[in-house]
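Listed here are the chains, written in short residue letters.
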Amino acid sequence: MRAVSGQAKEWQRMLAARLAAILRAVVRFPDALLGLLPLRFRRAADKLEHQRGMRAGHLAAGGFLVAAVVYGLIGGGHLVRFAEAVLVGSGFQIAQIEITGHGETPELAVLEQLDLDTDQSLVTLSVRKAQARISELPWVGHASVRKSYPDMLHVIVEERIPYALWQNNNHIYLVDQSGGPIVTFDDSRFGNLPLVVGAGANVAAGEFLAQVQAHDRLARGMQAGVFVAERRWNLMMENGITVQLPEIGVAEALEQLAVLDAVDGLLSRDVTLVDLRLADRITVRLPDDTAETRKVRNAAELKRLKKKGART
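Since the structure is predicted, the reported quantities are computational estimates derived from the model, not experimental observations.

A closer look at the overall build of the protein chain
- Along the backbone of the protein chain there are ten helices and twelve strands.
- Counting across all 312 residues of the protein chain, residues that qualify as buried make up 37%.
- Of the contacts formed within the protein chain by residues at least 6 apart in sequence, a portion of 52% connects residues at least 24 apart.
- By element, 55% of the accessible surface of the protein chain is carried by carbon and sulfur atoms, the whole surface being about 18500 Å².

Overview of the pairing of strand S8 (residues 222–228)
- Counting buried positions along S8 yields five of seven residues, so the element is predominantly enclosed.
- In this structure, strand S7 (residues 195–197) lies alongside S8, joined through two bridges in parallel fashion. Counted as the bridge partner of Val-196 is Gly-225 from S8.
- For S8 and strand S9 (residues 232–237), the ladder comprises six bridges, and the chain directions are antiparallel. The residue of S9 that forms the bridge with Val-226 is Asn-234.
- Two successive antiparallel strands, S8 and S9, enclose a turn made up of three residues, where Ala-229 displays a positive phi of approximately 55°.

Quick look at the environment of Gly-225
- By the secondary structure assignment, Gly-225 is in strand S8.
- By relative accessible area, which is 0% here, Gly-225 ends up buried.
- Between the C-alpha atom of Gly-225 and that of Thr-242, which follows or precedes it by 17 residues, the distance is 9.6 Å.
- Ignoring sequence-local partners within four residues, the contact set of Gly-225 consists of Leu-195, Val-196, Val-197, Phe-208, Trp-233 and Asn-234.

Brief notes about the nonpolar core
- Among the nonpolar cores identified, the biggest contains 29 residues, and Phe-208, Leu-209, Leu-235, Val-243, Leu-245, Leu-257 and Val-274 are the most heavily contacted of them.
- Where this core is concerned, the elements lending two or more residues are strand S4 (164–168), helix H7 (201–213), S8, S9 and helix H9 (250–264).
- When neighbours within four sequence positions are excluded, Leu-257 is seen to be in contact with Leu-218, Leu-235, Val-243, Leu-266, Leu-267, Val-274 and Leu-276.
- Counting residues in each nonpolar core, the second largest holds 16 residues, with Leu-114, Leu-137, Val-145 and Leu-153 among its members.

Overview of H7
- At Glu-207, H7 is bent by approximately 35°, the largest bend along its length.
- What H7 keeps buried is the set Ala-201, Asn-202, Ala-205, Gly-206, Phe-208, Leu-209, Gln-211 and Val-212.

Rules behind the numbers
- Within each chain, residue numbers correspond to sequence positions counted from 1 in written order.
- Given that the model is predicted, a residue must reach a pLDDT of at least 70 before its local features are reported, and side-chain atom pairs must reach 80 or more before they are shown or counted; all residues, however, enter totals for whole chains, interfaces and linings.
- Computation of side-chain values covers all heavy atoms of the structure but excludes hydrogens and water.
- For helices the rule is a DSSP run of H or I covering at least 4 residues; for strands it is a run of E covering at least 2, with both sets numbered from the N terminus onward.
- Accessibility here uses a 1.4 Å probe with only protein chains present; expressed as a share of the type maximum, an area under 20% marks a residue as buried, one over 50% as exposed, and anything in between as partly exposed.
- What makes two residues a contact is simply this: any of their non-hydrogen atoms within 4.5 Å.
- Accessible surface is estimated by sampling points in the Shrake-Rupley manner with a 1.4 Å probe; for residues, cover comes only from the protein chains shown.
- The pairing criterion is simple: DSSP has to find at least two bridges between the two strands.
- Grouping buried Ala, Val, Leu, Ile, Met, Phe, Trp, Tyr and Cys residues that are joined through side-chain atoms within 4.5 Å yields what is termed a nonpolar core.
- Two axes define the bend at a residue: one fitted to the seven residues ending there, one fitted to the seven starting there, and the bend is the angle between them.

Here it is, written out as structure tokens:
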């Protein structure tokens, strides 16, 4: 047979020590628990005590003790506490918690979601429930909880990545690529994320922004995307031009826009609106004011929206 490694032998010795501790704990518990029994059981126990000199008396007393302890634990609702106390007393109490992967999520918030008792054993902790509670935190996309016996708990957090700002009903939120709101926007670190506006814009933003970002010049000049009636997009440029996109064929319309801008400098001209909603024609609207005025006005409006969102 293959020799057992030193590490395996050490584990066997530790396991044997733990089992011995459990047995000692179990032996100590019955005397305290007999007080939980009904009076008729305690009288029967006293009667059996007088028979302990005989072999049959020893057997009867032993059987009665086991039955009495089980009855007391179950009937008094102490079984779970008994098992927990035995495990904690045997060295399986959670003594160390390692949390990794968190950046925006405070460690204290993770510990609060674990909801550990003062004397919580590692054995009885429900990993599934712990993971579910941690995943309720706003920044957490997924949580993994692992036990490392005898007394260590590992928590691995995978946080959601902010993808865009979503403005809806005068509130601005950070959203991930799937459109799920993370938190209210109140941190200037995320101020350069693309802005989408309107009901349902958060859900549709992933596909739309990917289509815009396929064209560097359009992406750099984009101020916001406005989702109109939850059906189609308007692309608002920083220079004050609004591009109306079709409901179907957005990628093709953006490709056409990028070509017109590269060849003819369309988005550098003094226009206010480019209508691409019809596949067979392009409509351009000339301004009533100057391009510089529109740029300043649009920049001020965007700044106002972001500040308003940051205060909510």
